[in-house]
Amino acid sequence: MSLDKSTLERVAYLARIKIEDSEIEKMITELNNIMKWIEELNEVDVNNVKPMTGVSNNSLREREDEVNDGGYSDEIVSNAPEKIDNSFTVPKVIE
Amino acid sequence: MREAIKLKGETGIWEMVIGLEIHAQVNCKSKLFSGSATDFGASPNSQVSYVDAAMPGMLPVINSEAVNQAIKTGHALNAKINNISIFDRKNYFYPDLPQGYQISQFKSPIVGEGWINIDLGKGEIKKIGIERLHLEQDAGKLMHDQHPRLSFVDLNRSGIPLMEIVSKPDMRDWEEAGAYLRKLRSIVRYIGSCDGNMDQGSLRCDANISVRRPGEEFGTRCELKNINSVKFMMKAVEFEAYRQIEIIENGGEVKQETRLYDPNKNETRSMRSKEEAHDYRYFPDPDLLPLNISNDRIEKYKDELPELPDQKRERFQKDYGLSFYDADVLTADKSYADFFEIVSKGRDAKFVANWVITNFFAMLNEVEKSIEESPVNAQQLGELFDLIQDGTISGRTAKDVFEEMFTNGGRANDIVEAKGLKQISNTDELESMAKKIIEDNSEQVSKYKNGNEKLFGWFVGQMMKNTGGTANPKVVNEILKTLLNK
């Protein structure tokens, strides 16, 4: 499978990554190399192998249902580019 | 058997195909992946941790109770609980989602296929399939009415644990969809995994709907969002079905899209912004290992499952001799059933069921109060019933006493005493009263004796008027019959 320009632009938009026109050709070549490598990996037969989602055999650690965090709204919004009182503010978005 | 509603178009008959996705807030003190609180109505961003605000370097740790509640709910949906499930990232950009992705479950949900029975009235039941149940985070909340050109972002909801429960496309009209939503709400409330409060957004519903000629393949579906009541969901489905039929009959094609229901205008409209976002690029969240659930843990919650609505209804029919309808109404919500069982203890269950449904529920409905908010509790209502059953007051008087208890408070006994509402069953007293009425109204008596039997009611009325409605109607009838037919 090889990547075309419109697919590249769509993927970039979905990830909100800005790509200059001058970079497009280079990006397509690089991504196509990665895709080719993935295709090579696909040649290995893994039909009877369980999917591995990590290198450790640990199970997910769980915590008790206790409230022991939060309550610092001023800190939460302290780095916000725009805020009013203790709310973040953004340009109006309405459906 | 009940026939599903079919819609008549210009060119013939159409059938609806409906599936629902329910988002139920899991009943937990803290969030799915952080220790901040989940209380409703707190001030903006006061229940937000650095995890919920997606500060760099913060790691999610799952809430054990949310997992337990999902297992319990899975059992109540007769579903398979999966030993291994995986959390994925669902990627999209919106101001209410600080992470830029929602942690959800895509390929391997915690709960697989199941089913529930829905009640279609008159004792008829339909089985509706459940596709899956998975755990996910809620997003924050946007407020648009605080400022002319800004939206305010409150992340208190961000990270709240949700169960998304997806049905199979098994419903064929809005009545069935309504019955499904009500039943699911009842079930999660019975087991306590969600409070079911649709006004506060603890339970929300998206509807997938398409239309087809009866028996043919499924048509293209649209997803309706933003539905926060059973009534609105049913109306949204009806509107949307007619909209799709009109498009097809005019030679067009239904476009698969997300639409927003507007309850004020009773219409659905396209949400363009969601179109582009439909590619969520799911992948397993590298911050979270697979969730392993042992068989012991699964079985433990199966054993602890409380009596569910269907079982309770059957028991009410069997143990209390109630009709399907009465048992169904009383078990629709756990709070109703609990209330009924307290009041009916040691009393005539059929009488209590009838009275609670026709008078007590009607009153709650009228003032739009829940049973928890009722000014008259089960014990107090029971005391009122005792006064009816031992003949102290008549059924008619009981309604007035109940209204007084409900509006101004007080115990039944005290109200009856204070207002002198005790039923007069004393035969001597009533007999002398009746004799006097007969003496004073010789004209009416002769009319009655000449065959105008309707006048009997007039005499009863006079007796009631003289006693302020406190005369025992049965005794009055007997006395008048004896005296007038002499």
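Residues numbered from 1 in each chain as written. Chains lettered and ligands numbered in written order. Predicted model: local features only at pLDDT ≥ 70, side-chain atom pairs only at ≥ 80, totals over all residues. Heavy atoms only, no water.

Participant: So what's going on with the overall build of chain B? Residues and values would help.
Facilitator: If you tally the helices and strands in chain B, you get 16 helices and 17 strands. Taking 2.2 N^0.38 as the reference for a compact globule, 486 residues should give roughly 23 Å; the C-alpha atoms of chain B span a radius of gyration of 30 Å, well beyond that estimate. When the backbone C-alpha atoms are referred to their principal axes, chain B occupies close to 95 × 55 × 55 Å. For chain B, with 486 residues in total, the buried portion stands at 52%. Nonlocal contacts in chain B, meaning residues at least 24 apart in sequence, comprise 69% of its contacts between residues at least 6 apart. (Helix = DSSP H or I, 4+ residues; strand = E, 2+ residues; numbered from the N terminus. Rg over C-alpha atoms; globule rule 2.2 N^0.38 Å. Buried < 20%, exposed > 50% of the residue type's maximum accessible area, 1.4 Å probe, protein only. Contact = heavy atoms within 4.5 Å.)

Participant: Now, about the packing of helix α7 (residues 324-331) of chain B against helix α9 (residues 349-366) of chain B: what can you tell me, with residues and values included?
Facilitator: Residue and element names in this part refer to chain B. Where α7 contacts α9, the axes come no closer than 10 Å and their chain directions differ by 55 degrees. On the basis of the axis angle, α7 is oblique to α9. For the pair α7 and α9, the sense of crossing is left-handed. Where α7 abuts α9, its residues D326, V329 and L330 lie against A353, V356, I357 and F361. Grouping the constituent residues of the contact of α7 with α9 by class yields six nonpolar, no polar and one charged. (Axes fitted to C-alpha atoms, helices over the stretch in contact; angles between N-to-C directions. Parallel < 35°, antiparallel > 145°, perpendicular 65-115°, else oblique. Left-handed = near helix turned anticlockwise from the far one by under 90°. Nonpolar A, V, L, I, M, F, W, Y, C, P; charged D, E, K, R; others polar.)

Participant: Lay out the nonpolar core in plain terms, naming residues and giving numbers.
Facilitator: Residue and element names in this part refer to chain B. The biggest cluster of nonpolar side chains holds 106 residues, and the ones touching the most others in it are L20, I110, Y180, L381 and L384. Two domains each provide a minimum of three residues to this core, namely domain 1 (7-302) and domain 2 (306-419). In this structure, L381 is in contact with F339, W355, V356, F360, V376 and F402, ignoring residues within four places of it in sequence. Ranked by size, the runner-up nonpolar core spans 20 residues in total, among them I424, I438, L455 and V475. (Core = buried A, V, L, I, M, F, W, Y, C linked by side-chain atoms within 4.5 Å. Domains from an automatic or database assignment.)

Participant: Pulling in residues and values, what's your account of unusual backbone geometry?
Facilitator: Backbone geometry places R16 of chain A, a non-glycine residue, at a positive phi of 55 degrees. Turning to its location among the elements, R16 of chain A is positioned in the loop between α1 (5-14) and α2 (21-42). The backbone phi angle of N45 of chain B is positive, close to 60 degrees, even though this residue is not glycine. Along the chain, the position of N45 of chain B falls in the loop between β2 (13-25) and β3 (62-63).

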